[in-house]
Amino acid sequence: AASQSSFPAPEQKIVNVAHRGASGHAPEHTMLAYELGLKMKADYIEIDLQMTKDGTLIAMHDTTVNRTTNGKGAVKDLTIEEIKSLDAGSWFNTRNPGKAKEEYVGLEVPTLEEIFQRFGRSTNYYIETKSPALYPGMEETLLELMDAYKLTGVNGRSSNVIIQSFHPDSLLIINEMNPNIPLVQLISTPLLGEAAEAQLNSIKQYAIGVGPNLNRINQDYVERVRNNGLHIHPYTVNTEENMRKALDLGVTGIFTDYPDLFDQVIKDF
Ligand code: G3P
Ligand code: CA
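Residues numbered from 1 in each chain as written. Chains lettered and ligands numbered in written order. Predicted model: local features only at pLDDT ≥ 70, side-chain atom pairs only at ≥ 80, totals over all residues. Heavy atoms only, no water.

1. Regarding the site of ligand 1
Phase 1: Every residue close to ligand 1 is listed here: H19, R20, E46, D48, H61, E128, K130, Q164, F166, L186, Y235 and F255.
Phase 2: A distance of 2.7 Å separates an oxygen atom of ligand 1 from a polar atom in the side chain of H61.
Phase 3: For ligand 1, the accessible surface in isolation is 280 Å², of which the surrounding protein chains cover 90%. (Near = heavy atom within 4 Å. Polar contact = N/O pair within 3.5 Å; in protein donor to acceptor, adjacent residues only side chain to side chain. Areas by Shrake-Rupley, 256 points an atom, 1.4 Å probe, with all protein chains shown as cover.)

Here is the structure:
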């Protein structure tokens, strides 16, 4: 069943999504990055999900811990205990000397449950099922946690969570389990022009919106998405110029590493 009629109403405010937390300022997918995102007035914190060997959902973009921790290996081959022993902040200081802070040293990889415990219903979460083929059952585990922390809502509008994925199969599993959960289909290369219509028509059967790459869309595409009653939240919009471009195109929200900058740009718009 489609849920696009519910959350959020298209006339509502343009949403500011803190991509991996305020990841332009602090190490992505750490509690500090999420806290900073919310301090910077983001409406949602974006969380990429991976699942450990022993079935715990964690916040991490890559399928391995190599880039964002001091460890090595695939998440699916590591236990939560092993992942919790890693330093998920020091890499940021090395990569961004101008933004380095002592407090980032030794930050842990958060589990999804710890994030829900920390913020509860005080914010909204924009959660991505990453590599779902590697992690059978990740959708069920995600929905169980959302229910346990009362984030599911009784309809799309009251849900504290939007679930996004590049993988339609993963979104369809979720839609089958609970058609009220708002879903967003990520698309790296959307079909443009008339060809967009069939793709959008299929997406709107289960999703409330699309998340395309900003570099691959145009005015015509945004109009077609909106005319289909769908939201459009392009990624990843980090410069003032691109933020203005996205707003001029008529998007209903963006993913950004700099929610503070977008908050300013929206005010002037
Ligand atoms: O989820 C939107 C955007 O984050 C998709 O790209 O690679 O940053 O997850 P990625
Ligand atoms: Ca993502």
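2. Structural notes on the packing of helix α7 (residues 195–203) against helix α8 (residues 219–227)
Phase 1: In contact at an axis separation of 10 Å, α7 and α8 are set at 35° when each is read in the N-to-C sense. Between α7 and α8 lies a crossing of right-handed hand. Of α8, the residues touching α7 (which contributes A196, E197 and L200) are Y221, R224 and V225.
Phase 2: Residue composition of the contact of α7 with α8, by class: four nonpolar, no polar and two charged. (Axes fitted to C-alpha atoms, helices over the stretch in contact; angles between N-to-C directions. Helix = DSSP H or I, 4+ residues; strand = E, 2+ residues; numbered from the N terminus. Left-handed = near helix turned anticlockwise from the far one by under 90°. Contact = heavy atoms within 4.5 Å. Nonpolar A, V, L, I, M, F, W, Y, C, P; charged D, E, K, R; others polar.)

3. Observations regarding the side chain of T111
Phase 1: Its location among the elements puts T111 in the loop between α3 (90–95) and α4 (112–119).
Phase 2: There is a polar contact of 3.0 Å between the side chain of T111 and the backbone nitrogen of E114.
Phase 3: Setting aside residues no more than four positions away along its own chain, T111 makes contact with T56, L57, I58, I80 and K84.

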